[in-house]
Amino acid sequence: MAETNGSPNGTNGQHAVGTRTVRPDGMDKVTGRARFGADYNLPGQLIGRVLRSPHPHARIVAIDASRAEALPGVKAVVTRDDFPDQPSEFIPAGEMMMNYKDVVRNVMAREKALYEGHAVAAVAATTTAIARKALRLIDVKYEVLPHVIDVVQAMAPDAPLLHDDLFTVGMEPKPEKPSNIAKRVEIKVGDVEAGFARADIIVEREFKTAPVHQGYIEPHAALATVAEDGTTEVWTTTQGHFIVRAHCARLLGLDIGKVRVTATEIGGGFGGKTVVYLEPLAIALSKKAKRPVKMVMSREEVFKASGPTSGATVRVKMGATKDGKFVAGFAELKYQAGAFQGSPVQPGTMCAYAPYDIDNVHVIGYDVVSNRPKVAAYRAPGAPISEYAVESVVDEIAKKLGIDPIQLRMMNAAREGTKAAYGPKFGPIGLEETLNSIKKTEHWNTPLRKWQGRGVASGFWFNIGGETCVALTVNEDGTVSLMAGTPDIGGLRASLAAVAADELGVPYDKVRPIIGDTGSLGFNFLTGGSRSAFSGSMAIVEAAKNIKADLIARACKLWEAKPDQVEWKDGAVRPLGALAEKVKPMTVADFAKVAGKTGGPIAGLGRINAQGAGPSFGTHLVDLEVDPETGRVTILRYTVAQDAGKALHPAYVEGQYQGGAVQGIGWALNEEYVYGDDGKLQNAGFLDYRMPVASDVPMIDTVLVEVANPRHPYGVRGVGETPIVPPLGAIANAMENATGIRFTELPMSPPKVLKALKDKGLNKV
Amino acid sequence: MRYEAPDSLEGAVALLAGATGEARVLAGGTDLLVQMRADILDPDLIVDIKKIPETRSITEEKGGWRIGAAVTGAELKEHPRLKKAWPGVIEAANLIGSTQVQGRATMGGNLCNGSPAADSVPALIAAGAVATLAGPNGKRDLPVEDVMLGPRKLALRKGEIVASFFLPPRSPRSSDAYLRFIPRTEMDIAVVGAGVSLTVDGAGVVTAARVSLGAVAARVLLVPEAAQAIIGSRLDKPAQDRLEAAAQAACRPIDDKRGTVEFRIQVAGVLARRAALIALDRARES
Amino acid sequence: MAKHHVEAIVNGDPVEFLCETEETLLDVLRDTLNLTGSKEGCASGDCGACSVMLDGRLVCSCLVLGAEVGGRKIDTIEGMATGETLHPLQQQFLEHAALQCGICTPGFLVAAKALLERNSNPTETEVRYWLAGNLCRCTGYDKIVTAVMDTAAAMRKG
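This is a predicted model, so every value here is computed, not measured. (Residues numbered from 1 in each chain as written. Chains lettered and ligands numbered in written order. Predicted model: local features only at pLDDT ≥ 70, side-chain atom pairs only at ≥ 80, totals over all residues.)

1. Quick look at the overall build of chain C
Part 1 of the reasoning: When you go through chain C residue by residue, the secondary structure sums to five helices and five strands.
Part 2 of the reasoning: Helices and strands in chain C line up, N terminus first, as β-β-α-β-β-β-α-α-α-α.
Part 3 of the reasoning: In terms of overall size, chain C behaves like a compact globule, its C-alpha atoms giving a radius of gyration of 16 Å where 158 residues would be expected to give roughly 15 Å.
Part 4 of the reasoning: Considering only C-alpha atoms, chain C reaches an extent of 50 × 30 × 25 Å along its principal axes.
Part 5 of the reasoning: In chain C, buried positions account for 65% of the 158 residues. (Helix = DSSP H or I, 4+ residues; strand = E, 2+ residues; numbered from the N terminus. Rg over C-alpha atoms; globule rule 2.2 N^0.38 Å. Buried ≥ 20, exposed ≤ 12 C-beta atoms within 10 Å, placed from the backbone.)

Shown next as structure tokens:
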């Protein structure tokens, strides 16, 4: 375990950081008191509902809402005409990019409906029943167009075209004809051809993955109220209320300062709540109706109209020498973006070979549109797909060379000083430590039976920092109010409160953390990129530093001392030298009592653009069993080892590892978007979109590796995303180990597994 | 939308027979409410049958068991003697949905929802269960395999409801079992279901059997050829192979989001065999 | 058709409300009685976030009509703690970090309480299958199952 760098908590020397404190918001969440998106209501509110396209691809010839508008109880109807068009401009959305020209079209279909479920109109009415009835009275004239769902088919020259102004970027020479390929990206180091020429063994495989949804249990929900002067308030379940504010102001032509957005408690996001869907509609409806409008998606709408992540086709070719040194890595990634450009193919490209030290790497990625909902970020966006393909090939190389798969990874592992293929030179990183930790587990050394298999895979994610603003206030009684501006999606308040407690030397339970609205703090980028605990804790250190400097100044005034006669140590301003004979140290609580007499309120702001996010590597180990007669796969045992840098709250770090692993299990085995030939989604519900249930999985053992991030005051790295990267490869590798078959298509659902077993004549006990 | 909760079968029948628009029976509601919320159904009248004593009771009758159509899965499970007599029927009913759904879901509703993938139906058919229908012309009995005609299509006449099921008396050394295949361990609709009920003699030879398969055709199938394949055998390997082949031969499935034709046919044979072996073990011990 | 007039007992208190036929018990709890602790994750009985007890039986309140509950006893998450004292499950969920986002937590707690009332010594497998109708996307279930098992052990000791 790394040493805690923070100052001790009070004079008894206890730390809150690194301990398993009870989360400050916990009481509300176990009693039903916590208010999530759909739990907010306002007097006089209307209910908003969305009319959605039944067609995967259709020109919208005309929309006649007059009959709906005439229905008693209907107070407003909005369509494409209520949203001014936007010029093409790319802006960051979480770890991905988006374009306002597309955002306005995704929020409300304009020229065309581009996927089944695409919003076409919205109504606000006095009751849900009237709103539903009104939707049926809106007459939309469609000209149905041919559609394309699959990524490879969408790339074909004769594929139905989604956007006739989409010309592939990154292609030389520049294409003269539009296509569904939005972008070609590439990273290249060394000379892969020369590398392959040196290789004793080359493995090349093509993989296919299905689109999967983030699957947050709380559907999107928003409540908006717009006054006659344009003053707007929004309550919404989001990973970034400052981002919601920016998007809504832009789409509706409002001053940012006039829009106040409050993030409700958020019932899961995983990247899927980094964009806007309902918020602009609720504002537009409220503006028209002059009454608050509440909108909540159904589960079906969540699946059909909010973003899953890409499905993809990936080709990987790797070369190694016979003693196991990787000498070349090539990959070609084709990622679905959904109806608008902006798949996570760029990070997918960068991550593919990031865990390994390889001199020659060439990765090409394509961002491809098709008639599906626009993808949104999903936990380490893009990385699980490309790293699954590479980890599968790594495993195959290990087998062919007869080298232990952990050993092979160790031999090629990125370490401090390795120059990553995507550019930077790594600082201290923990990949080797995670591999070593896995090798030392009892799990790794337990024997298996027939039809059981064991798989291992590693994973990488960058993590990000970014704009962050927090406030600390010392109250009259010495308690501390902490305000952060990034929604708490899984224990953030606990981590930040612990840091504030240790920094100011107050007990953990004397810190009350809240998430402030957009009017209460400077701009905060969203909760995403595993940044909120990393950046938030840095900002708190900054805010506490400001408070401590102020307290030292106050002490000097009170004691008539010079700054060099006092110091902040162990939770108090302490007199030094001769002064120590005369006056007693003063804690934060002591200053609180005399705040009025020493300069007024005690408060500190932490404003940073956090840099130095440390990448987090993880290695997963899984045992599974295959029923050869039915193709059913049972996960028997699972261990995660990951580098946290420093676990501010070990239990919530473990929780990230466990949750990510189980999402990965779902992705690997059963989750997928199933489309019919008609281009419609057939499994838009939790019944047939099969996320793991409690009885599907075992306990998920965790090993917290802590290789301190030197660029963070406590050594913290982001931990939230990496855990979803290794499971796909680890499970595919375990399947190979159990059956001798290399599965190259996800999900490895029973029909696929049984067919593969049958083709090899293995489908008997 | 009208809601009525009559306290007699006659009252329920009169409401349904007299309905002018679309009328639906509400038992557990675990299918009906979902379909209403999804805009698949928008009935004018809902007749809740849970206040009718006959639909809510489990009673011994002529050596067999009468189970009200609106008895929940959780209540079935809590009836030890019924569970001992018909373990397969009870385990099938208990596979419908989660613990929460078990608190509501009923075998009457499972049958009348008209899905070929209904879990309790293959077990009831294998058991030789008879549905007692109440209608404007009084009561009539119909073997469960004859109630469902196809997806969402039932042999019920206007105003008729399923009031109860009758499970026949058990001869010694008889038992049953139900297995289904789902991709997860819980919460899915059966991709294939197989119910087997059988009787063995003192020497362990199968003297009577019924085999039923779910989710492999437009309706739940009773497969006499599969039963014939094991009658007279001790369920040794050749009999198991014959059973598997007969079960597979009876399948006429479709490809859909839950499984392929090939998968369903193959797994139907596997599950029929596995269910038969479980039933055999239980019969020997009973 | 006029609304149904329904009288029931919710968390020990008599309540009366009006509802349309198509309104579910969950709609009534959340929108009419302002008990928003029960959550709607799917409205199809597949996620368990709306779990409540109906006459002592665990159900999804999204699969019950408001009109059906006349004269019946309903217990929701809001009635789980006694005065200022949390139920041991609530306390253990906090101490085990058995929640991340917390949206599924009320449903898990209501369902787990129903389990422990029937089975004071469940195995891990029994806990997992009993709770299979409660989806959690954050935790991977590990800490939830541990919290339930530990609560059971503590309650057995008294």
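2. Some remarks on the overall build of chain A
Part 1 of the reasoning: Looking only at helices and strands, one finds 20 helices and 28 strands in chain A.
Part 2 of the reasoning: Against the 2.2 N^0.38 benchmark of 27 Å for 765 residues, chain A shows a C-alpha radius of gyration of 27 Å, consistent with a compact globule.
Part 3 of the reasoning: In terms of its C-alpha atoms, chain A occupies a principal-axis envelope of roughly 85 × 75 × 50 Å.
Part 4 of the reasoning: Considering only intrachain contacts with a sequence separation of at least 6, the fraction spanning at least 24 residues in chain A is 80%. (Contact = placed C-beta atoms within 7 Å.)

3. A short note on the sheet that holds strand S11 (residues 174–181) of chain B
Residues and elements named next belong to chain B.
Part 1 of the reasoning: Spatially, the four strands line up as an open sheet ordered S11-S12-S13-S14, and their pairing is antiparallel. With partners counted over all chains shown, the strands left at the sheet margins are S11 and strand S14 (221–222), one partner each.
Part 2 of the reasoning: Two strands pair when backbone bridges link them, and strand S13 (residues 206–214) and S14 are joined in this way by two bridges, in the antiparallel orientation. Looking at S14, one finds that Ser212 is bridged to Leu222.
Part 3 of the reasoning: Strands in contact with helix H8 (residues 120–127) are S11, strand S12 (192–200), S13 and S14; relative to S12, the strand with the most contacts, it is inclined by about 25°.
Part 4 of the reasoning: Running at roughly 30° to S12, helix H11 (residues 261–285) makes contact with S11, S12 and S13 of the sheet. (Pairing = 2+ DSSP bridges. Axes fitted to C-alpha atoms, helices over the stretch in contact; angles between N-to-C directions.)

4. Brief notes about the sheet that holds strand S18 (residues 452–461) of chain A
Residue and element names in this part refer to chain A.
Part 1 of the reasoning: Across the sheet, which stays open at both edges, the four strands sit in the order S18-S26-S27-S28 with mixed pairing between neighbours. Looking at strand neighbours, the two that pair on one side only are S18 and strand S28 (700–705), the edges of this open sheet. Taken over all neighbouring pairs, the strand axes of this sheet differ in orientation by 15° on average, direction set aside.
Part 2 of the reasoning: Bridging between strand S26 (residues 616–626) and strand S27 (residues 633–643) involves nine bridges; their strand directions are antiparallel.

5. So, the interface of chain A and chain C
Part 1 of the reasoning: Facing the 42 residues of chain A at the interface are 42 residues of chain C.
Part 2 of the reasoning: If you list the elements that add at least two residues to the side of chain A that touches chain C, you get helix H1 (26–31) and helix H18 (650–669) of chain A.
Part 3 of the reasoning: Considering every element that reaches the side of chain A that touches chain C, the biggest residue donor is H18(A), with eight residues.

6. So, the packing of helix H2 (residues 88–95) of chain C against helix H5 (residues 142–157) of chain C
Residue and element names in this part refer to chain C.
Part 1 of the reasoning: Where H2 contacts H5, the axes come no closer than 9 Å and their chain directions differ by 135°. By the angle between their directions, the pair H2 and H5 is classed as oblique. Note on packing geometry: the crossing formed by H2 with H5 is right-handed. Where H2 approaches H5, its residues Pro88, Leu89, Gln92 and Phe93 are matched on the opposing element by Ala147, Val148, Asp150, Thr151, Ala154 and Met155.
Part 2 of the reasoning: Looking at side-chain class alone, the contact of H2 with H5 contains seven nonpolar, two polar and one charged residues. (Parallel < 35°, antiparallel > 145°, perpendicular 65-115°, else oblique. Left-handed = near helix turned anticlockwise from the far one by under 90°. Nonpolar A, V, L, I, M, F, W, Y, C, P; charged D, E, K, R; others polar.)

7. With respect to the interface of chain B and chain A
Part 1 of the reasoning: Chain B puts 17 residues into the contact, and the matching count from chain A is 17 residues.
Part 2 of the reasoning: Examining the composition of the side of chain B that touches chain A, we find that five residues originate from one element, H11(B), more than from any other.
Part 3 of the reasoning: Residue composition of the side of chain B that touches chain A, by class: seven nonpolar, four polar and six charged.

8. Section: the nonpolar core
Among soluble globular proteins, nonpolar side chains are generally buried collectively.
Part 1 of the reasoning: Ranked by size, the top nonpolar core spans 420 residues in total, and within it A:Val123, A:Ala500, A:Ile731, B:Val196 and B:Ala272 carry the most contacts.
Part 2 of the reasoning: Those residues in contact with A:Ala500 that lie beyond four places of it in its chain are A:Leu472, A:Val480, A:Leu482, A:Val511, A:Ile540 and A:Ala544. (Core = buried A, V, L, I, M, F, W, Y, C linked by C-beta atoms within 7 Å.)

9. Here's the deal with the environment of A:Arg59
All names here are of chain A.
Part 1 of the reasoning: Counting through the fold element by element, Arg59 comes out in strand S2 (residues 58–64).
Part 2 of the reasoning: The spacing of Arg59 and Lys593 is 534 residues in sequence and 68 Å in space, taken between C-alpha atoms.
Part 3 of the reasoning: With sequence-adjacent residues up to four places away left out, Arg59 is seen in contact with Glu111, Lys112, Tyr142, Glu143 and Leu145.

10. Observations concerning the environment of A:Leu278
Residue and element names in this part refer to chain A.
Part 1 of the reasoning: By the secondary structure assignment, Leu278 is in the loop between strand S13 (259–263) and helix H8 (279–289).
Part 2 of the reasoning: Residue Leu278 is classed as buried on the basis of its 31 C-beta neighbours within 10 Å.
Part 3 of the reasoning: Each C-alpha atom, one on Leu278 and one on Val107, is 7.6 Å from the other, the two residues being 171 residues apart in sequence.
Part 4 of the reasoning: In contact with Leu278, not counting residues within four places along its chain, are His220, Ala222, Met295 and Met297.

11. A closer look at unusual backbone geometry
Residue and element names in this part refer to chain A.
Part 1 of the reasoning: Residue Pro173 is bonded to the preceding Glu172 through a cis peptide linkage, with omega at -5°.
Part 2 of the reasoning: Here Pro173 lies in the loop between helix H5 (151–155) and strand S9 (181–189).
Part 3 of the reasoning: The omega torsion across Leu746 and Pro747 is -5°, close enough to zero to call that bond cis.
Part 4 of the reasoning: With respect to the helices and strands, Pro747 occurs in the loop between helix H19 (726–739) and helix H20 (750–759).

12. Here we look at the environment of A:Ser495
Residues and elements named next belong to chain A.
Part 1 of the reasoning: Summarising the element assignment, Ser495 is placed in helix H14 (residues 492–504).
Part 2 of the reasoning: Overall, Ser495 belongs to the buried group, with 29 C-beta atoms counted inside 10 Å.
Part 3 of the reasoning: Through-space distance from the C-alpha of Ser495 to that of Met297 is 31 Å; in sequence the pair is 198 residues apart.
Part 4 of the reasoning: In contact with Ser495, not counting residues within four places along its chain, are Ala533, Ser537, Leu648, His649 and Tyr652.

13. What to know about the packing of H14(A) against helix H15 (residues 532–559) of chain A
All names here are of chain A.
Part 1 of the reasoning: Here H14 crosses H15 at 25°, and the two axes come no closer than 9 Å. Considering their axes alone, H14 and H15 lie roughly parallel with respect to each other. Once H14 is placed against H15, the crossing between them reads as right-handed. Contacts between H14 and H15 involve Leu492, Ser495, Leu496, Val499, Ala500, Glu503 and Leu504 from the former and Ser532, Ala533, Gly536, Ser537, Ile540, Val541, Ala544 and Ile547 from the latter.
Part 2 of the reasoning: A per-class count over the contact of H14 with H15 returns ten nonpolar, four polar and one charged.

14. Side note on helix H3 (residues 100–107) of chain A
Residue and element names in this part refer to chain A.
Part 1 of the reasoning: Among the eight residues in H3, six count as buried, and that is most of the element.
Part 2 of the reasoning: Those residues of H3 that sit buried are Asp102, Val103, Val104, Arg105, Asn106 and Val107.
Part 3 of the reasoning: Those residues of H3 hidden inside the fold are in contact with strand S5 (96–99), strand S7 (119–125), helix H7 (241–252) and H8.

15. Observations concerning H14(A)
Residues and elements named next belong to chain A.
Part 1 of the reasoning: A rise of 1.5 Å per residue sets the reference length of H14, with its 13 residues, at 18 Å; its end C-alpha atoms lie 18 Å apart and thus fit the reference within 8%.
Part 2 of the reasoning: Judged by how many residues are buried, H14 sits mostly within the fold: 13 of 13 residues are covered.
Part 3 of the reasoning: Just downstream of H14, Gly505 is the residue with a positive phi angle, here 70°. (Expected span 1.5 Å × (residues − 1).)

16. Topic: the confidence of the model for chain A
As a general rule, the predicted coordinates of low-pLDDT regions are not to be interpreted in detail.
Part 1 of the reasoning: For chain A, the average pLDDT comes to 96, and 98% of its residues sit at 70 or higher.
Part 2 of the reasoning: Within the model, the stretch residues 1–12 of chain A combines pLDDT values under 50 with 43 contacts to residues more than four positions away or in other chains. (pLDDT = per-residue confidence, 0-100.)

17. Digging into the confidence of the model for chain C
Part 1 of the reasoning: Predicted confidence across chain C gives a mean pLDDT of 97, with 99% of residues reaching 70 or more.
Part 2 of the reasoning: The complex prediction reports pTM at 0.97, with the ipTM value standing at 0.98.

18. A closer look at the pairing of S11(B)
Part 1 of the reasoning: Burial of S11(B) is extensive: eight of the eight residues sit out of reach of the surface.
Part 2 of the reasoning: Neither face of S11(B) is exposed, since B:Ser174, B:Asp176, B:Tyr178 and B:Arg180 on one face and B:Ser175, B:Ala177, B:Leu179 and B:Phe181 on the opposite face are all buried.

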